[in-house]
There are 2 protein chains.
Amino acid sequence: MKKIINAPENVVNEMLEGLVAANPEKLTLIPDKRVILRKEKKDAGKVAVVTGSGSGHEPDQVFYVGKGMMDAAAAGPVFAAPTADAIYEAAKAVDNGAGVLFMVKNYTGDRGQFGMAAELCEMDGIQVRTVIADDDVAVKDSTFTAGRRGVAGAILGYKIVCAAAEEGASMDELVELANRVNANVRSMGFGLTSCTTPAKGTPTFEIGDDEMEVGVGLHGEPGRERCKLKTADEIVSYITEQCLEDLPFKEGDEVAVMVNGLGGTPLMELYIVYHIVAKILKKAGIKVFKSYVNEYCTSIDMAGCSVSLLRVDDRMKELLEYPVDIPYSVF
Amino acid sequence: MKKIINAPENVVNEMLEGLVAANPEKLTLIPDKRVILRKEKKDAGKVAVVTGSGSGHEPDQVFYVGKGMMDAAAAGPVFAAPTADAIYEAAKAVDNGAGVLFMVKNYTGDRGQFGMAAELCEMDGIQVRTVIADDDVAVKDSTFTAGRRGVAGAILGYKIVCAAAEEGASMDELVELANRVNANVRSMGFGLTSCTTPAKGTPTFEIGDDEMEVGVGLHGEPGRERCKLKTADEIVSYITEQCLEDLPFKEGDEVAVMVNGLGGTPLMELYIVYHIVAKILKKAGIKVFKSYVNEYCTSIDMAGCSVSLLRVDDRMKELLEYPVDIPYSVF
């Protein structure tokens, strides 16, 4: 295993300590809970938004905590859900009287822990609503999921809903908006390599030097098909068409496009991918409102990427442009 | 070779077309020159800044073109300098009467092409000055370099000098500022794996499963030492101490810290690295002004990272905070 780590069992804690050390004025950590919080709470009367998942998908989730985005995020061990207790502590810490919205990707483990956390909150008198993202068109049901999986398209939902929460939208509006985004976003990806968790130290799955996994899951779970390596044009056209047909997107639609690197794929290749997606959309008469080409939701060090398309309306467009101040940034 | 590409000989052109497709209102490409320009020129009387290098180091250099950063960047083939002709065309396109500053990292190939481009500009009556970054403390002289190499610390120089140029600083001021940054920044890195260029398709150098290359160059050229894998604490302490001793940095200094991923290293590990650097600086009585933890100057898909420390003064601090609008961004 070639990783820049100390003991594998400490990677999440050391990452979180590094994150707080790099943002001492903005972020704080709940000791022993692996929860990252904004130091400064939202104004009273505004709904707080909390997310969480297993670690290994960075920048998702803890690097999205900050003004304009999440109020808190709970980091589980690598590829394992955070505990209900940690999520509950996160919610308690950020609730400001207007309740807490849980934004969760559709994995059975995460849904279970967030569900129990919601019950703990209710016993404390904290109003909680939960929204689920399931944007991956690759497979119906999967190793860790009943129904479709939530993948990178969910991050566009986080961006939009958190901006509305920052503006002071009501809980009902936020839930409606989150569901509207989820109903209008579709994603699909592929992996060229496996990922390697620090605890196991060897690749999660075997894959030949001339093979790729089409529709791979964020934890290396199987996708739709194992096939021989294809050119960028071939594979990107395929996954983009799958997204387009699923909704379906139509001529005249306006979309936000996300090309998401899975951890081990260079920016050069992500822009080669974007170039292909842009040509397909142009040909289909679909207008690009804004593009997002970077790493947003990764599988540790996997080589590969996903494409997400979100059909945007005016409200979504306005909220996508809302400023954020999060630790995942450039300058 | 596992890459998301079409033909290896087209990767740079397809990336550049993707970059312009993703930023149609802000960027443009000089056909056949592989030069990325801002669509909107700076105001007359302001110095333009141009950079360039071989491709494969993305986001460096073309993803740094935009307001507050570069006016233009010339992209060479993967790991080979752009031509003097392309750099000359870039300079001609962005000059607004106040001259052009070339910001170059210390590689023999790049210096040669930028030198010839400067001569072409002078024949055209375009004033050109050139500044060189050589922040890497790992080795004196190297495969592609006489003297020290320029690595990720150079990007802090780009950020600072381009902000001053945007504000309207004179050419003399910009040259002085660039040299002052270079005199106060030190970097060192290490690689756990080789990188693989699309043209060759196999790793640039051989390295054992239990080995690392300390002080590795940005093209996979040898560093200071090949050694057995070390823990994050061991190797990060070593490279940070090498930077500290070289300037030397002293108790009471204030620094900007950059932890730069080389392409294949996840954000989780970069923050584990930052955590170690922060502890060393605290113990040494050195204050962190601002931290930059992400990919800034990569070696395609290499696993590894570098640490850069810049001793900042008040002017540098102000310019580091100057807003930028570049394609390498998150939301």
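Residues numbered from 1 in each chain as written. Chains lettered and ligands numbered in written order. Predicted model: local features only at pLDDT ≥ 70, side-chain atom pairs only at ≥ 80, totals over all residues. Heavy atoms only, no water.

Checked against the element boundaries, Met69 of chain B lands in the loop between strand 3 (48-55) and strand 4 (72-78). When the C-alpha positions of Met69 of chain B and Leu244 of chain B are compared, they lie 28 Å apart, and in sequence the two are 175 residues distant. Once residues within four sequence positions are removed from consideration, Met69 of chain B is found in contact with Phe331 of chain A together with Arg38, Tyr64, Tyr158, Lys159, Cys162, Glu166, Val324 and Ile326 of chain B. (Helix = DSSP H or I, 4+ residues; strand = E, 2+ residues; numbered from the N terminus. Contact = heavy atoms within 4.5 Å.)

A complete count under the given rule lists 48 salt bridges over all chains for this structure. The shortest N-O distance in the salt bridge between Asp71 of chain A and Lys42 of chain A comes to 2.7 Å. On the criterion of sequence distance, the pair formed by Asp71 of chain A in the loop between strand 3 (48-55) and strand 4 (72-78) and Lys42 of chain A in the loop between strand 2 (35-38) and strand 3 is long-range, its members being 29 residues apart. Across this residue pair, the class does not change: Asp71 of chain A and Lys42 of chain A are buried. The partner of Lys287 of chain B in a salt bridge is Glu254 of chain B, with the nearest N and O atoms 3.8 Å apart. Residue Lys287 of chain B is located in strand 11 (residues 287-294), and its partner Glu254 of chain B is located in strand 10 (residues 254-261); the two are separated by 33 residues in the primary sequence. Taken together, the shared-partner salt bridges connect Arg38, Lys42, Asp71 and Glu166 of chain A into one network. (Salt bridge = Lys/Arg side-chain N within 4 Å of Asp/Glu carboxyl O. Buried < 20%, exposed > 50% of the residue type's maximum accessible area, 1.4 Å probe, protein only.)

It is worth spelling out the side chain of Ser306 of chain A at this point. Residues and elements named next belong to chain A. The topology assignment puts Ser306 in strand 12 (residues 304-311). In this structure Ser306 comes out as buried when scored by relative accessible area, which is 6%. Apart from residues no more than four positions distant in its own chain, Ser306 is found in contact with Ala152, Met188, Gly189, Met258, Val259 and Asn260.

A word on the interface of chain B and chain A. With 68 residues of chain B at the interface, the matching set in chain A holds 68 residues. For the pair chain B and chain A, the summed buried surface comes to about 5200 Å²; carbon and sulfur atoms form 69% of the total. Of all residues in chain B, Lys2, Ile4 and Phe331 of chain B bury the most surface against chain A, accounting for 20% of the area lost on that side. At the junction of chain B with chain A, the criterion picks out zero salt bridges. Sorting the residues of the side of chain B that touches chain A by element identifies helix 1 (11-22), helix 4 (153-167), helix 6 (232-246), helix 7 (267-283), strand 11 and strand 12 (304-311) of chain B as the ones contributing at least two each. Of the residues forming the side of chain B that touches chain A, the biggest block, ten residues, is contributed by helix 7 of chain B. Taken together, the residues of the side of chain B that touches chain A sort by class into 40 nonpolar, 15 polar and 13 charged. (Buried area = accessible area lost by both parts, 1.4 Å probe. Nonpolar A, V, L, I, M, F, W, Y, C, P; charged D, E, K, R; others polar.)

So, about the packing of helix 2 (residues 84-94) of chain A against helix 3 (residues 108-123) of chain A. All names here are of chain A. The geometry of helix 2 relative to helix 3 is characterised by a closest axis approach of 8 Å and an angle of 50 degrees between their N-to-C directions. Classed by the angle they form, the pair helix 2 and helix 3 counts as oblique. As helix 2 packs across helix 3, the resulting crossing turns out to be right-handed. Of helix 3, the residues touching helix 2 (which contributes Ala84, Ile87, Tyr88 and Ala91) are Gln113, Phe114, Met116, Ala117, Leu120 and Cys121. (Axes fitted to C-alpha atoms, helices over the stretch in contact; angles between N-to-C directions. Parallel < 35°, antiparallel > 145°, perpendicular 65-115°, else oblique. Left-handed = near helix turned anticlockwise from the far one by under 90°.)

Rotating chain B by 180 degrees about the axis while translating it 0.0 Å along that axis superimposes it on chain A, leaving an RMSD of 0.0 Å. The superposition of one copy onto the other is thereby described by a two-fold rotation axis. Considering only C-alpha atoms, the part of chain B nearest the rotation axis is Gly264 of chain B, at 2.3 Å. By residue overlap, the copies meet face to face through one surface: 100% of the interface positions of chain B are interface positions in chain A. (Least-squares fit on C-alpha atoms with pLDDT ≥ 70 in both.)

Here we come to the domain arrangement of chain A. All names here are of chain A. One can read the domain layout of chain A as domain 1 (11-183) and domain 2 (186-320). Placing a centre on the C-alpha atoms of domain 1 and another on those of domain 2 gives a separation of 23 Å. Tallying the contact residues gives 37 residues for domain 1 and 37 residues for domain 2. Overall, the association of domain 1 and domain 2 removes approximately 3000 Å² of surface from exposure, summing both partners, and the carbon and sulfur fraction of that is 63%. Counting the surface domain 1 buries against domain 2, the share from its top three residues, Phe79, Val137 and Leu156, is 20%. (Domains from an automatic or database assignment.)

So, on to the environment of Gly115 of chain A. Mapped onto the fold, Gly115 of chain A is located in helix 3. For the pair Gly115 of chain A and Thr130 of chain A, spaced 15 residues apart in sequence, the C-alpha separation works out to 8.2 Å.

In this section: the sheet that holds strand 2 of chain A. Residue and element names in this part refer to chain A. Taken together, the six strands give an open sheet; going across it, the order is 1-2-4-3-5-6, and neighbouring strands pair in mixed fashion. Each end of this open sheet is capped by a strand with a single partner; those strands are strand 1 (27-30) and strand 6 (128-133). Put simply, the sheet's adjacent strands are angled 25 degrees from each other on average, direction ignored. Across four bridges, strand 3 lies against strand 5 (residues 100-105) in parallel orientation. Pairing of Val50 across the sheet is with Phe102, part of strand 5. Against the sheet, helix 3 touches strand 3, strand 5 and strand 6, its axis set at about 170 degrees to strand 5. (Pairing = 2+ DSSP bridges.)

Now for the packing of aromatic side chains. On inspection of all chains with the given rule, the structure shows 14 aromatic pairs over all chains. Where Tyr296 of chain A meets Phe331 of chain B, the ring centres are 5.8 Å apart and the plane angle is 45 degrees; that geometry is what we call tilted. Residue Tyr296 of chain A is found in the loop between strand 11 (287-294) and strand 12, and its partner Phe331 of chain B is found in the segment after helix 8 (314-320); the two belong to separate chains. Ring pairing ties together the aromatic residues Tyr64, Tyr292, Tyr296 and Tyr328 of chain A together with Phe331 of chain B, which thus form one cluster. (Phe/Tyr/Trp six-rings, centres within 6.5 Å; stacked < 30°, edge-to-face > 60°.)

Residue and element names in this part refer to chain A. If you check helix 4 (residues 153-167), its first and last C-alpha atoms are 22 Å apart, about what 15 residues at 1.5 Å a residue would give, namely 21 Å. Counting buried positions along helix 4 gives 14 out of 15 residues, so the element sits mostly inside the fold. The first or second residue beyond helix 4 is Gly168, which carries a positive phi of 105 degrees. (Expected span 1.5 Å × (residues − 1).)

A few words on the confidence of the model for chain A. Across chain A, pLDDT averages 97, with 100% of residues at or above 70. What the predictor reports for the complex is a pTM of 0.98 with an ipTM of 0.98. (pLDDT = per-residue confidence, 0-100.)

This brings us to the side chain of Ser291 of chain B. Tracing the sequence through the fold places Ser291 of chain B in strand 11. Residue Ser291 of chain B is classed as buried on the basis of its relative accessible area, which comes to 17%. Engagement of the side chain of Ser291 of chain B in a polar contact is seen with the backbone oxygen of Ala22 of chain A, the distance being 3.4 Å. If near-sequence neighbours (up to four positions away) are discounted, Ser291 of chain B is found in contact with Ala22 of chain A together with Val257 and Tyr274 of chain B. (Polar contact = N/O pair within 3.5 Å; in protein donor to acceptor, adjacent residues only side chain to side chain.)

A few words on the sheet that holds strand 11 of chain B. Residues and elements named next belong to chain B. Strand order in this open sheet of six strands is 9-8-7-12-10-11, and the pairing throughout is mixed. At either margin of the open sheet sits one strand with a lone partner, and together these are strand 9 (225-228) and strand 11. Sheet twist, expressed as the average angle between the axes of neighbouring strands with direction ignored, equals 20 degrees. Both strand 7 (residues 185-191) and strand 12 contribute to a ladder of seven bridges, which runs antiparallel. Opposite Arg186, over in strand 12, you have Leu309 as the bridge partner. The strands touched by helix 4 are strand 7, strand 10, strand 11 and strand 12; relative to strand 12, the strand with the most contacts, the crossing angle is about 45 degrees.

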